[in-house]
Amino acid sequence: MPDYEHLTVGVLALQGAFREHAIALEKCGATARKIRRRRDLAGLDALIIPGGESTTIGKLMVSYHLLDEIKGIGAEGLPIFGTCAGLVMLARELVEGDQPLLGLMDITVRRNAFGRQVKSFEAALEIPALGAEGPSGIPAGGGQPHGPFPGIFIRAPWIESAGAGVEVLAEYDGHAIAARQDKMLVTAFHPELTDDLRLHELFLQIMGGSDPAKT
Ligand code: GLN
């Protein structure tokens, strides 16, 4: 795996699965910093917004004065990876409901899209951007898994529609569930709840400038 030691990635740590993201980043060799206050954002190379409950995360971001701040640094180009509720937070618009959003990505999102009965499930996902052996072409950590990505969906959203600048990276059941726009990456599922580091590594490559899509 390439050397990511020089990269400090913030993980928004207000609510949800932030510990698991920090562990995944450190397994990749990057430095993870939990973000709870505005001052924690200083000098970050990138940010992850975890899964959890986007209504709660949004309200907490407003009360901790983080929403406008992150909106600002995101608009200036800070790379951001949003998973599940993090994908919802990055959306420009929701199909239903009104809640604080960052609105940084040109996507319209349906929350809890996979229905009430099927609240959580796992699916093997084809994600061509990961390549057969991960984005670097090198099995990471002494044997990174290859092939389909294990998608864990928990009351997951999907991307209902996306603007021209958005590249859909994966679909499930005909719905977009992973995408990128410039240095922003989103997944409707939870890569941090698996041992598969390929999506975290893809993000580190996108943010570090060694972008697999552009080589
Ligand atoms: N349904 C949640 C929301 O809309 C997301 C669930 C999750 O992050 N696992 O915020």
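Residues numbered from 1 in each chain as written. Predicted model: local features only at pLDDT ≥ 70, side-chain atom pairs only at ≥ 80, totals over all residues. Heavy atoms only, no water.

A. Spotlight on the site of the ligand. Every residue near the ligand is listed here: G51, G52, E53, S54, C84, A85, V88, R111, N112, I154, R155 and H190. Here an oxygen atom of the ligand sits 2.9 Å away from a polar atom, N or O, in the main chain of G52. Note that a nitrogen atom of the ligand is positioned 2.9 Å from one of the backbone N or O atoms of I154. Considering the ligand on its own, with 300 Å² of exposed area, one finds that the protein chains cover 98% of that surface. Among the residues making up the shell around the ligand, the classes are represented as four nonpolar, five polar and three charged. (Near = heavy atom within 4 Å. Polar contact = N/O pair within 3.5 Å; in protein donor to acceptor, adjacent residues only side chain to side chain. Areas by Shrake-Rupley, 256 points an atom, 1.4 Å probe, with all protein chains shown as cover. Nonpolar A, V, L, I, M, F, W, Y, C, P; charged D, E, K, R; others polar.)

B. Quick peek at the nonpolar core. Counting 73 residues, the largest nonpolar core has M61 and F153 as its most contacted members. Top element by residues in this core is helix α5 (residues 198-208). It accounts for six residues. Non-local contacts of F153, meaning those with residues more than four positions away in its chain, are made with F114, K119, S120, F121, A123, L125, Y172, I177, A188 and F189. (Core = buried A, V, L, I, M, F, W, Y, C linked by side-chain atoms within 4.5 Å. Buried < 20%, exposed > 50% of the residue type's maximum accessible area, 1.4 Å probe, protein only. Helix = DSSP H or I, 4+ residues; strand = E, 2+ residues; numbered from the N terminus. Contact = heavy atoms within 4.5 Å.)

C. How the structure looks around the packing of aromatic side chains. Applying the stated criterion across every chain, the model contains 10 aromatic pairs. With 5.3 Å between their ring centres and 40 degrees between their planes, F81 and F203 make a pair best called tilted. Taken together, the residues F81 in strand β4 (residues 80-83) and F203 in helix α5 connect sequence positions 122 residues apart. Taking relative accessible area as the criterion, F203 reaches 0% and is therefore assigned buried. Look at F121 and F153: their rings are 4.7 Å apart centre to centre, the planes differ by 5 degrees, and that puts the pair in the stacked class. Of this pair, F121 sits in strand β7 (residues 120-125) while F153 is found in strand β8 (residues 149-154), placing the two residues 32 residues apart along the sequence. (Phe/Tyr/Trp six-rings, centres within 6.5 Å; stacked < 30°, edge-to-face > 60°.)

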